[in-house]
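A look at the structure
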Amino acid sequence: MPKIRKRDTSAWIKRVAATYNRTVGEVGYLFCDDEKILEVNREYLQHDYYTDIITFDYDEGDQINGDLVISLDTVRTNAELFGKTYEEELHRVIIHGILHLCGINDKGPGEREIMEAAENKALAMR
């Protein structure tokens with residue numbers, strides 16, 4: 001299990017969600033390895049590739065609710081690749097999932113840049 005300061009992280013997530021006029025309901029986290037996230041990706045999304053996070057959105061109105069499945073293997077690999085610490089990359093991935101729950105997408109034209117800007121803004125709030 002990663003060392004996450006739960007109170008600080010929860011308060012940070014609430015601050016970020018509030019900037020999108022959202023409150024935080026129940027958000028579950030499953031920290032796993034690459035093989036498990038590949039299994040989840042195949043089973044639920046029919047995607048045959050590894051990823052750092054999969055977000056399941058169960059939002060209710062302005063309240064965010066969902067599950068974040070995070071591959072710690074990929075977080076570690078990406079931290080090395082991008083020259084970040086493991087903790088920095090883990091927080092980026094967590095907030096990436098939260099931003100998805102707030103309604104930000106990253107698959108369409110120009111959306112990746114919007115997501116990256118939102119991630120950077122949220123990380124600065126930490």
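Description of the structure in this document. (Residues numbered from 1 in each chain as written. Predicted model: local features only at pLDDT ≥ 70, side-chain atom pairs only at ≥ 80, totals over all residues. Heavy atoms only, no water.)

Below, the discussion takes up the environment of Y50. With respect to the element layout, Y50 can be found in the loop between helix 2 (34-45) and strand 2 (53-57). The class for Y50 is partly exposed, based on a relative accessible area of 43%. Along the primary structure Y50 and D34 are separated by 16 residues, whereas in three dimensions their C-alpha atoms are 6.4 Å apart. For Y50, the contacting residues outside a window of four places in its chain are D34, E35 and L38. Only 2.9 Å separates the side chain of Y50 from the side chain of E35, close enough to count as a polar contact. (Helix = DSSP H or I, 4+ residues; strand = E, 2+ residues; numbered from the N terminus. Buried < 20%, exposed > 50% of the residue type's maximum accessible area, 1.4 Å probe, protein only. Contact = heavy atoms within 4.5 Å. Polar contact = N/O pair within 3.5 Å; in protein donor to acceptor, adjacent residues only side chain to side chain.)

Now for the pairing of strand 3 (residues 63-71). Each regular strand displays side chains that alternate between the two surfaces of the sheet. Counting buried positions along strand 3 gives 7 out of 9 residues, so the element sits mostly inside the fold. Pairing geometry for strand 2 and strand 3, over 5 bridges, is antiparallel. Considered in strand 3, the bridge of F56 is made with D67. Connecting strand 2 to the next strand, strand 3, in antiparallel fashion are 5 residues, including G61 with a positive phi near 65 degrees. (Pairing = 2+ DSSP bridges.)

The nonpolar side chains of a soluble globular protein tend to be buried with one another. L68, I70, L90, I95, I98 and L99 are the most contacted members of the largest nonpolar core, which totals 24 residues. When residues in this core are grouped by element, the largest group, 7 residues, is from helix 4 (residues 86-101). Core analysis: the second largest hydrophobic core is formed by 6 residues, C32, I37, I54 and F56 among them. (Core = buried A, V, L, I, M, F, W, Y, C linked by side-chain atoms within 4.5 Å.)

Before going further, it helps to examine the packing of aromatic side chains. Enumeration over the complete set of coordinates arrives at 2 aromatic pairs. Seen from their ring centres, Y29 and F31 are 6.2 Å apart, and the 5 degrees between their planes marks the pair as stacked. Overall, Y29 belongs to the partly exposed group, its relative accessible area being 34%. Judged by relative accessible area, F31 falls into the buried class, the value being 18%. Aromatic side chains Y44 and F56 sit 5.6 Å apart centroid to centroid with 80 degrees between the ring planes, which places their arrangement in the edge-to-face category. Of this pair, Y44 sits in helix 2 while F56 sits in strand 2, and the two are 12 residues apart along the sequence. Judged by its relative accessible area of 49%, Y44 is partly exposed. With a relative accessible area of 18%, F56 lands in the buried category. Cation over ring: R76 sits above Y86, and NZ or CZ is 4.2 Å from the ring centre. When the ring centre of W12 is taken as origin, the NZ or CZ atom of R126, which lies over that ring, is 6.0 Å away. (Phe/Tyr/Trp six-rings, centres within 6.5 Å; stacked < 30°, edge-to-face > 60°. Lys NZ or Arg CZ within 6 Å of the ring centre and 35° of its normal.)

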